[in-house]
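Descriptive structure summary
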Amino acid sequence: MSYQQPQHPGWGGPQPPAPKKASAGKIVGFSCLGVIGVFVVIGVIAALFGGTDEGSASGRNPGVTQDAAGSGKPEDVKAEEPKADEAKKEKEEPAKDAPVTVTAKKVAFKKSILADGSDYTSVQITLANEGDKEVEVNPLYFTITDTNGGKHTAELGTDENQIDTVQLAPGENITGTVTGKGTFTPKYVTYTDGLFGEGVRGNVS
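Residues numbered from 1 in each chain as written. Predicted model: local features only at pLDDT ≥ 70, side-chain atom pairs only at ≥ 80, totals over all residues. Heavy atoms only, no water.

**Notes on the overall build of the protein chain**
Helices and strands together make up the secondary structure of the protein chain, namely three helices and 11 strands. Tracing the protein chain from N to C terminus, the helices and strands come up as α-α-β-β-α-β-β-β-β-β-β-β-β-β. Burial analysis of the protein chain (205 residues in total) assigns 24% to the buried set. Sequence separation of at least 24 residues holds for 68% of the intrachain contacts in the protein chain that already meet a minimum separation of 6. A total accessible area of about 15,000 Å² is found for the protein chain, and carbon and sulfur atoms account for 55% of it. (Helix = DSSP H or I, 4+ residues; strand = E, 2+ residues; numbered from the N terminus. Buried < 20%, exposed > 50% of the residue type's maximum accessible area, 1.4 Å probe, protein only. Contact = heavy atoms within 4.5 Å. Areas by Shrake-Rupley, 256 points an atom, 1.4 Å probe, with all protein chains shown as cover.)

Structural data, given as structure tokens:
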């Protein structure tokens, strides 16, 4: 009878398989996917709550509207103001119901002792007061406009027959010259009195 030595568990018999360890590549892969997922979530949240306004999204300036042709033009465009020359032209139009009338004609310049060697052009003016109040007359209240649109102010004391500075009573009139510097062809004369503020024009004959 042979003696058999008892076998201890785990000796000589089949061993249970050892648990497999996760490879380093799989761990790194799962980590990358987690990071990408976080960025995707952040991007979705930013798109929902941090959107641009309508003007920026469409590529247009907020203060610009598009017309039918697609050209942008500023909103609230102010109406173009009247040009300065148009405003001056309106002031030179005869005043409605003006208390004076102006008649004018070109005359030869008569040099006074105050005139220098420059060229001058004189216009003889008759101003009649047809209102019911006195009217102040002064050479500085007259301007001469030439055929090219140039305006000439009065050159004081250069013509011997310069119009006087007087108070013109109702029904009275006065005649005298107004002289501009230079040689030009006068077209009309404008008289402006601060009392009624509007110019009264008289064409030069």
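**Thoughts on the confidence of the model for the protein chain**
In the predicted model, the protein chain carries a mean pLDDT of 74, and the fraction of residues at 70 or more is 52%. Scored below 50 in pLDDT, residues 52-59 makes two contacts in the model with residues more than four places away or belonging to other chains. (pLDDT = per-residue confidence, 0-100.)

**Here we look at the nonpolar core**
Within the largest apolar cluster, 20 residues are counted, with the highest numbers of intra-cluster contacts made by I125, L127, F142 and V189. Secondary-structure elements contributing two or more residues to this core are β3 (100-107), β4 (120-129), β5 (135-137), β6 (142-146), β9 (173-181) and β10 (186-192). Ignoring sequence-local partners within four residues, the contact set of F142 consists of I125, L127, V137, A154, I163, V178, V189, T190 and Y191. (Core = buried A, V, L, I, M, F, W, Y, C linked by side-chain atoms within 4.5 Å.)

**Things to note about the sheet that holds β6**
Adjacent strands of a sheet form backbone hydrogen bonds with each other and so pair up, either parallel or antiparallel. The strand order across the open sheet built from four strands is β7-β6-β10-β11, with neighbouring strands paired in antiparallel fashion. A single partner strand is all that each edge strand has here, and the edge strands are β7 (151-153) and β11 (199-203). Each strand axis lies, on average, 25 degrees off the axis of its neighbour in the sheet, ignoring direction. (Pairing = 2+ DSSP bridges. Axes fitted to C-alpha atoms, helices over the stretch in contact; angles between N-to-C directions.)

**With respect to the sheet that holds β9**
Reading across the sheet, the three strands line up as β3-β4-β9 and stay open at both edges, with antiparallel pairing between neighbours. The sheet terminates laterally at β3 and β9, the two strands that pair on one side only. Strand-to-strand twist in this sheet, taken as the mean axis angle between neighbours without regard to direction, amounts to 25 degrees.

**Digging into the environment of V178**
Positionally, V178 belongs in strand β9. With relative accessibility at 3%, the residue V178 sits in the buried group. When the C-alpha positions of V178 and K106 are compared, they lie 9.9 Å apart, and in sequence the two are 72 residues distant. Ignoring sequence-local partners within four residues, the contact set of V178 consists of T121, S122, V123, I125, F142, I144, A154 and I163.

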